Structure formats: structure tokens, C-alpha cells
Amino acid sequence: AGGATGIEVALPHPRTGPALGRFLESERLLAALLLSPTVVILGLFIAYPFVVGVWLSMSSTSVANPGHFVGIRNFVKAWNDSIFRTAFQNTVFYTFWATIFKLALGMWLALLLNRSSRGKRLVRSSMLLPFIVPTVLSTFAWRWMFDPTFSVLNWLLYTTGLITTKLPFLSNGTYGLWCAIVVNTWRGMPFFAISLLAGLQTINPDLHEAASLDGANGWRRFWHVTWPLLKPVTLVVVVFSIIQTFSDFQLIYVLTGGGPANSTHLLATYAYQIGVAAGLLGEGAAISLTMLPVLFIVVWIQLRYLRRLEGA
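Note that the coordinates shown come from a computational prediction; the quantities given were computed from them, not determined experimentally.

Asker: Please clarify how the overall build of the chain should be interpreted in this entry.
Answerer: For the chain, the count of helices and strands is 15 helices and zero strands. Expected size for 312 residues packed as a compact globule is a radius of gyration near 20 Å; at 29 Å, the chain overshoots this value by more than 25%. Taken over the C-alpha atoms alone, the chain extends approximately 125 × 75 × 35 Å along its principal axes. Here the chain holds 312 residues, and 33% of them are scored as buried. In the chain, of all internal contacts separated by at least 6 residues, the share reaching a separation of at least 24 is 67%. Total accessible area on the chain is roughly 19900 Å²; 68% of this is exposed by carbon and sulfur atoms. Distance between charge centres in the chain, computed from 21 positive and 11 negative side chains, equals 9 Å.

See the structure below:
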């Protein structure tokens, strides 16, 4: 700019700001920085073990032997194994009945706790004890109750005259599997009850009052009012339960160890026996990976049905 004297004064150029400030103002960069710890953790503890497991399942790797690529030979060998087929059938049977019992008893308990009564907070808190106690510790207690020699259940049934001979709770494959279902039901029922109770709390009581005025009894109110509104929550809980139950390991391993004579093995316990106890890492990985397509199909069907419910 020039004045009357003809002297020019240079004006300072506007500053564009520090480069670091412009760098941090990028939303994509900020999102990448916030997500990077999660991506690293998922990659290290989920993606990498999964990729290694897939590679092991298609190799002849064993303890002290790096092995070589064998394709699907381990899967074919597992399918031709009678113990694997028994473990697969046991896993499906165990998951189906345990989920049914947890759903039925959890629903009944949720409906009971949803009613207004004294001490309901204490009851709700104490109901979580089976879910809070470590699986191994609680299963050891159940194993003592099912013990063939010192079983408190056998003693109780015998003294009441309901049985004349001791029941082989854990020394018979059929009894052992049903005992595992009972323990799993006892442990998983609180999760169903609390989740379904949360769903019941969202249902408007006016709907039940209107149904009662129309002459609907308790069963009709549940079937035509409660159940349709509770179905989305129920499906989500069932999906989580199926995933957890189908891949259950600790309970069977502590309660029966897969015995007697490999009759109570699940896929997880049999994969451990082959892959870790026997040292055949490739075959054990192949057995464990057979759970993946089954769970994928079941979860996909249930989530698709859930989307239909949400869109209806």
C-alpha cells in the first residue's frame, strides 16, 4: 500500500496454520487413529490364530514336526473316524437340548421376576450366582454330586425310595451326556432370564391390560402379546447361547473328560485330545474347524429371520 509520500509498505501474508493442525483435522485420519488399537488387537488375537488354525488343519503338523501341506486329508480322516462322528452327534444333541431347557426355564424365571414382589432385587442378584461362579469350580461341585461312590443325589434318591440301585451318572455315556446338559442348563439359565427380563421391561403394561379387558387369559396374553414383542430379544439370546454351547469345552472336560470310552466327547474336547494330548496339531485343528460351517449356517438362518421380524 502507498501513501501520499509514495512509500510502499509490505503487508504480511495470512498464515495457513501449522501442518500438524491440518493433519489432525482430517476425519479419516482421526477415525483411523481411533480404530487402530482395536484393529491391532483383533488381528493379533483373532485373525492371526484363525489363519494359523486354517493352515494347521491342511497340514500334517505335529509336535516337533513342522509337517507339510496335505489339503483336506485331515478333514476326510476326521469324518471317517467313528469317535469324531459320535462327538459331532453329541455336540448337536447337547446344544439343542441345553438351549431348549435354558430358554424354557429362563423364560419362566423372567416372567416370575417381572412381577412386583418384595425382595425381587435380592432374588435377581442371587440368580446370577451360577453365571458368576467360575465354570471349573462349579463343575467340580456337580462332579462330586454325580460321583458314583459319594453321590449325594444317589443317596437322596435311595433314601426316599425312588431308586433301589445307584444310578451310573458319570459311568454311562447316556447318563453322562444328560448330566452335562443339566449342568449347562443350570449355568446358562441366568443369562437367558436376565436378558429376557430386560426385554419384558420394555413391553407396555397397557397392552396386557387391554388384552385382559378383551377376555384373554394368561396364556393367550403371553402367546399373542408378550411373545411377539419378545421374539427379537429371544433370537439374539439364542444365537449367543448356541455359539457358546456348541463350542463348550470346560464343562465336559472337567465333568466327564469325554468318557467313559469317548462316549461323551464334544467337538471341542475331542479336538483338544487329538491336537494337544496326542500332539497331532493338524488333525486337531481340522476337527475344531468343523464347528465353523455349522455355526455359520445356524447363525445366518437366525439372523435372517430376525431381519424379517424387524422389517415386518
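Moving on, there is more to tell.
Asker: What's the story with helix α9 (residues 173-201) in this structure? I'm lost.
Answerer: Turn by turn, an α-helix covers 3.6 residues, leaving residues three or four places apart pointing in a common direction. For α9, built from 29 residues, the straight-helix expectation of 42 Å at 1.5 Å per residue is met to within 8% by its first-to-last C-alpha distance of 42 Å. Helix geometry: α9 is bent most strongly at Gly188, by close to 35°, with proline Pro190 lying one to four residues after it. In this structure Asn172 caps α9, since a side-chain oxygen of it lies 2.9 Å from the backbone nitrogen of Thr174.

Asker: Explain the pattern of salt bridges to me, please; I cannot follow it from the model alone.
Answerer: In this structure the tally under the stated criterion is one salt bridge. Between Lys77 and Glu283 there is a salt bridge, with its nearest N and O atoms 2.8 Å apart. With Lys77 in helix α3 (residues 73-79) and Glu283 in helix α14 (residues 281-289), this residue pair connects regions lying 206 residues apart in the sequence. Taking relative accessible area as the criterion, Lys77 reaches 48% and is therefore assigned partly exposed.

Asker: Explain a nonpolar patch on the surface here, please?
Answerer: A cluster of nonpolar side chains, Phe96, Ile100, Phe101, Leu105, Trp108, Leu112 and Trp178, forms an exposed patch at the surface whose accessible area comes to about 660 Å². At six residues, helix α4 (residues 82-113) tops the list of elements feeding residues into the nonpolar patch. With respect to the secondary-structure elements, Leu105 resides in helix α4. In this structure Leu105 comes out as partly exposed when scored by relative accessible area, which is 36%.

What counts as what
Residues numbered from 1 in each chain as written. Predicted model: local features only at pLDDT ≥ 70, side-chain atom pairs only at ≥ 80, totals over all residues. Heavy atoms only, no water. Helix = DSSP H or I, 4+ residues; strand = E, 2+ residues; numbered from the N terminus. Rg over C-alpha atoms; globule rule 2.2 N^0.38 Å. Buried < 20%, exposed > 50% of the residue type's maximum accessible area, 1.4 Å probe, protein only. Contact = heavy atoms within 4.5 Å. Areas by Shrake-Rupley, 256 points an atom, 1.4 Å probe, with all protein chains shown as cover. Lys, Arg positive; Asp, Glu negative; His and termini not counted. Charge placed at Lys NZ, Arg CZ, Asp CG, Glu CD. Expected span 1.5 Å × (residues − 1). Bend = angle between axes of the 7 residues up to and from the residue. Polar contact = N/O pair within 3.5 Å; in protein donor to acceptor, adjacent residues only side chain to side chain. Salt bridge = Lys/Arg side-chain N within 4 Å of Asp/Glu carboxyl O. Patch = residues over 30% accessible without salt bridge, like charges linked within 9 Å, V, L, I, M, F, W, Y side chains within 5 Å.

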